[in-house]
Amino acid sequence: MQNNLMKEAERILERFETPESVVSREIKCGAVRGALIVHPDLSEGETVRAVMFALERDGSRSLKTLEELERYALFECETSISENIDECIENLLSGDVLLCVEGDERYLVVNARSYTTRSIMEPPTETVMRGPREGFIEDLKTNLSLLERRLKSPDFAVVKTTVGRRTKTGVAICYIASVAEPSVVKKIKKRIEKIDVDGIVDSHYLVPYLEENPLSLFSQVGLSEKPDVVAAKLLEGRVALIVDGSPIVVTVPFLMIEDFQAGEDYYQRSTFATFVRLLRYLGLMLAALLPALYVALQNFHYTLIPVRFMITLMAAVKGLPLSPLAETLFVLLLFEIIREASVRMPRAVGMAMSIVGALVLGETAVNAGLISSPAVMVTALSSIALFTVPNLIGTTSVLRILYTVAGGLCGLFGLILSVLFTLHYVCSMNAYDTPYLAPFAPLVYSDFKDAIERAPLQSFKKRPKSLPNINPTRMG
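Note that this is a predicted model, so its numbers are computed, not measured.

Quick notes on the rules
- Residues numbered from 1 in each chain as written.
- Predicted model: local features only at pLDDT ≥ 70, side-chain atom pairs only at ≥ 80, totals over all residues.
- Heavy atoms only, no water.
- Core = buried A, V, L, I, M, F, W, Y, C linked by side-chain atoms within 4.5 Å.
- Buried < 20%, exposed > 50% of the residue type's maximum accessible area, 1.4 Å probe, protein only.
- Helix = DSSP H or I, 4+ residues; strand = E, 2+ residues; numbered from the N terminus.
- Patch = residues over 30% accessible without salt bridge, like charges linked within 9 Å, V, L, I, M, F, W, Y side chains within 5 Å.
- Areas by Shrake-Rupley, 256 points an atom, 1.4 Å probe, with all protein chains shown as cover.
- Salt bridge = Lys/Arg side-chain N within 4 Å of Asp/Glu carboxyl O.
- Pairing = 2+ DSSP bridges.
- Axes fitted to C-alpha atoms, helices over the stretch in contact; angles between N-to-C directions.
- Contact = heavy atoms within 4.5 Å.
- Polar contact = N/O pair within 3.5 Å; in protein donor to acceptor, adjacent residues only side chain to side chain.
- Expected span 1.5 Å × (residues − 1).
- Arc of directions from axis to C-beta.
- 1 Å grid on protein atoms, 1.4 Å probe; cavity = no way out; pocket = protein on both sides within 12 Å on 5 of 7 lines; lining within 4 Å.
- Points joined across faces, edges and corners; volume = space filled by probe spheres on them.

*Asks:* So, the nonpolar core: which residues are in play, and what are the values?
*Replies:* Judged by nonpolar contacts, the single largest core of 23 residues is most densely connected at Tyr175, Ile188, Ile192, Leu206, Leu210, Leu241 and Tyr432. In terms of residues, this core owes the most to one element, helix H6 (residues 182-193), which gives 4 residues. Listed in part, the 21 residues of the second largest apolar core include Tyr281, Leu284, Leu399 and Leu437.

*Asks:* Give me a nonpolar patch on the surface: which residues, what numbers.
*Replies:* A contiguous nonpolar patch, built from Phe272, Phe275, Leu279, Leu282 and Met285 and spanning about 490 Å² of accessible area, is present on the exposed surface. With respect to the helices, strands and loops of the structure, Phe272 is situated in helix H9 (residues 270-299). For Phe272, a relative accessible area of 44% translates into the label partly exposed.

*Asks:* Kindly report on the sheet that holds strand E9 (residues 239-243), identifying the contributing residues and their values.
*Replies:* Pairing between the strands of a sheet is mediated by backbone hydrogen bonds and can be parallel or antiparallel. Taken in spatial order, the 5 strands line up as E6-E7-E9-E10-E8 in an open sheet, and their pairing is antiparallel. Both edges of this open sheet fall to strand E6 (156-163) and strand E8 (222-224), since each of them pairs with a single strand only. Averaged over all pairs of adjacent strands, the angle between their axes in this sheet comes to 25°, without regard to strand direction. Judged from the 4 bridges that link them, strand E7 (residues 169-176) and E9 form a sheet pairing that is antiparallel. Counted as the bridge partner of Cys174 is Ala240 from E9. Packed on one face of the sheet, helix H8 (residues 227-235) meets E6, E7, E8, E9 and strand E10 (249-252) and runs near 50° to E7.

*Asks:* So, the sheet that holds strand E3 (residues 79-82): which residues are in play, and what are the values?
*Replies:* Strand order in the open sheet formed by 5 strands is E1-E2-E4-E5-E3, and the pairing between neighbours is antiparallel. On the outer flanks of this sheet lie strand E1 (23-29) and E3, each paired with one strand and no other. Strand after strand, the sheet turns through a mean of 25° between neighbouring axes, direction not considered. Lying over the sheet, helix H2 (residues 45-57) contacts E1, strand E2 (32-38), strand E4 (97-101) and strand E5 (107-110), oriented at roughly 175° with respect to E2. Set on the sheet, helix H4 (residues 85-92) makes contact with E2, E3, E4 and E5; between it and E5 the angle comes to about 25°.

*Asks:* Tell me what's going on with the side chain of Ser216, and back it up with residues and numbers.
*Replies:* Tracing the sequence through the fold places Ser216 in the loop between helix H7 (207-210) and E8. Take Ser216: its relative accessible area is 13%, and that puts it in the buried class. One polar contact links the side chain of Ser216 to the main-chain amide nitrogen of Phe218, over a distance of 3.1 Å. In terms of polar contacts, Ser216 uses its side chain to reach the side chain of Tyr425, at 2.9 Å.

*Asks:* Explain the pattern of salt bridges to me, and be specific about the residues and the numbers.
*Replies:* Counted according to the given criterion, the structure contains 20 salt bridges. Glu258 is paired through a salt bridge with Lys233; the nearest N and O atoms lie 2.9 Å apart. With a gap of 25 residues between them, Glu258 in the loop between E10 and H9 and Lys233 in helix H8 connect regions that are remote in the sequence. Taken as a pair, Glu258 and Lys233 share a single burial class, namely buried. Ionic pairing is found between Arg400 and Glu336, a salt bridge with its closest N-O pair at 2.9 Å. In this pair, Arg400 sits in helix H14 (residues 393-428) while Glu336 sits in helix H11 (residues 324-344), placing the two residues 64 residues apart along the sequence. Glu336 shares its class with Arg400; the two are buried.

*Asks:* Explain H6 to me, using residue names and the numbers behind them.
*Replies:* End to end, H6 covers 16 Å across 12 residues, agreeing with the expected 16 Å (1.5 Å per residue, within 8%). Buried within H6 we find Val184, Val185, Ile188, Arg191 and Ile192. Buried residues of H6 fall within an arc of 125° about the axis and therefore sit on the same side. In this structure, H6 carries Lys186 and Glu193 as exposed residues pointing more than 90 degrees from its buried face. Packing partners of the buried residues in H6 comprise E6, E7, H7, E9 and E10.

*Asks:* Explain the environment of Pro472 residue by residue, including any values.
*Replies:* One can find Pro472 in the segment after strand E12 (434-435). Residues Pro472 and Gln458, 14 residues apart in the sequence, show an inter-C-alpha distance of 15 Å. Filtering out sequence-adjacent residues up to four positions away, Pro472 remains in contact with Lys461, Lys462 and Arg463.

*Asks:* Could you give me a rundown of the layout of surface pockets, with the residues and numbers involved?
*Replies:* Empty pockets left among the atoms are what a rolling probe the size of a water molecule brings to light. Here the second largest pocket defines a volume of roughly 1,500 Å³. Taken together, 43 residues make up the lining of the second largest pocket; nearest its centre are Ser94, Arg113, Tyr115, Lys168 and Asp244. Put simply, the parts of the chain that give the lining of the second largest pocket at least two residues each are E3, H4, helix H5 (140-148), E6 and E7. Looking at the lining of the second largest pocket, the element that brings in the most residues is H4, giving 5 residues.

What follows is the structure, given as structure tokens:
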């Protein structure tokens with residue numbers, strides 16, 4: 001750094017381990033002598049050049065203070081004055097330009113932020129046949145604009161904060177003030193303020209701090225990449241958290257039935273949407289219970305199996321070295337490994353690996369006499385049914401293994417006890433004054449119109465009673 005730059009600029013540069021990554025230049029505008037500090041990798045070049053041009057343009061005027069520079073020279077720019085050096089460094093690392101003058105310990109912050117972001121496109125995790133195809137991206141400002149364009153209301157509140165000692169990640173807490181329960185909003189704000197961690201690099205980092213029981217197998221927050229879905233949840237009284245650098249928006253409070261609801265359900269006829277939603281419930285039951293039921297019947301309750309199927313089953317399992325429980329667990333783990341490998345492999349190779357791997361390994365194992373074809377069929381049907389409810393794939397994968405072990409060791413008695421224990425557990429879950437299994441437990445009959453069925457939209461005159469809100473009327 002040059003010796004003729006003032007101590008005000010030195011205070012900023014000496015805080016950096018590598019000060020050469022920050023550019024500082026002497027300026028003179030009228031009677032004001034100062035320095036311009038910019039991080040070239042984060043600031044937009046056009047804005048920086050506009051600032052320099054404005055200072056040179058007004059160099060002949062008798063400007064003496066930061067306030068005069070802000071008011072007369074840089075009136076076209078978004079500016080603020082700060083005397084907190086930590087806040088100024090945070091702004092500098094966010095892409096802003098700092099302007100300091102000799103003899104003044106304050107800094108003029110000029111917004112010159114520029115980030116390379118991908119374009120708005122349909123999110124890969126929530127594809128639709130009908131409805132909006134916009135998806136959130138990794139830019140906080142863009143994501144807020146996508147919501148603000150849908151919620152043109154002065155009641156739409158956005159509270160911005162930063163989380164992370166080193167990353168200073170921007171987090172926006174969004175809610176509709178005339179709908180959301182104030183106590184819920186206050187509780188969420190307190191939890192965000194209490195986060196003391198080095199860095200937040202994605203919205204999933206906030207999830208453990210927002211959940212009542214972070215170790216639970218069931219997710220207690222909603223996750224979405226679609227602005228229309230998040231806007232609809234805000235209109236019901238939920239709170240959304242947008243994290244800079246993440247396309248996933250977190251919503252709370254959360255109900256389990258949200259995993260069975262898709263944005264496309266509300267863009268098609270109610271009869272077909274209800275039919276598809278019933279298929280999701282059926283798919284979840286098949287995915288979780290079918291392998292366990294197969295093992296329990298084969299081990300303990302073979303008399304319940306129809307005679308013709310029993311003859312086919314006995315012929316298929318004759319001479320196998322593995323017990324029904326060990327065989328089914330082996331096939332389940334095999335499918336899980338193939339699924340995980342296909343996800344981690346490059347896209348062009350992953351699909352071929354999942355199809356060829358399942359066919360080749362399954363056929364080879366059956367021909368070698370290690371497993372039976374009924375076990376492969378049952379596991380394949382269960383694995384396909386997993387994807388009817390994508391948000392519960394992880395939870396259901398673990399549950400079906402636990403249920404299979406219970407059914408293999410204790411038969412239908414153990415399976416029923418395991419299911420009852422799971423139901424008791426989810427019924428006891430409660431976060432932000434919201435029962436996790438509502439409207440089924442407790443029973444909220446008015447909310448059934450959007451639980452198992454999807455009633456016509458004109459019947460949604462009231463907001464869900466399962467969620468806390470201060471304005472129950474939605475229509476009329």
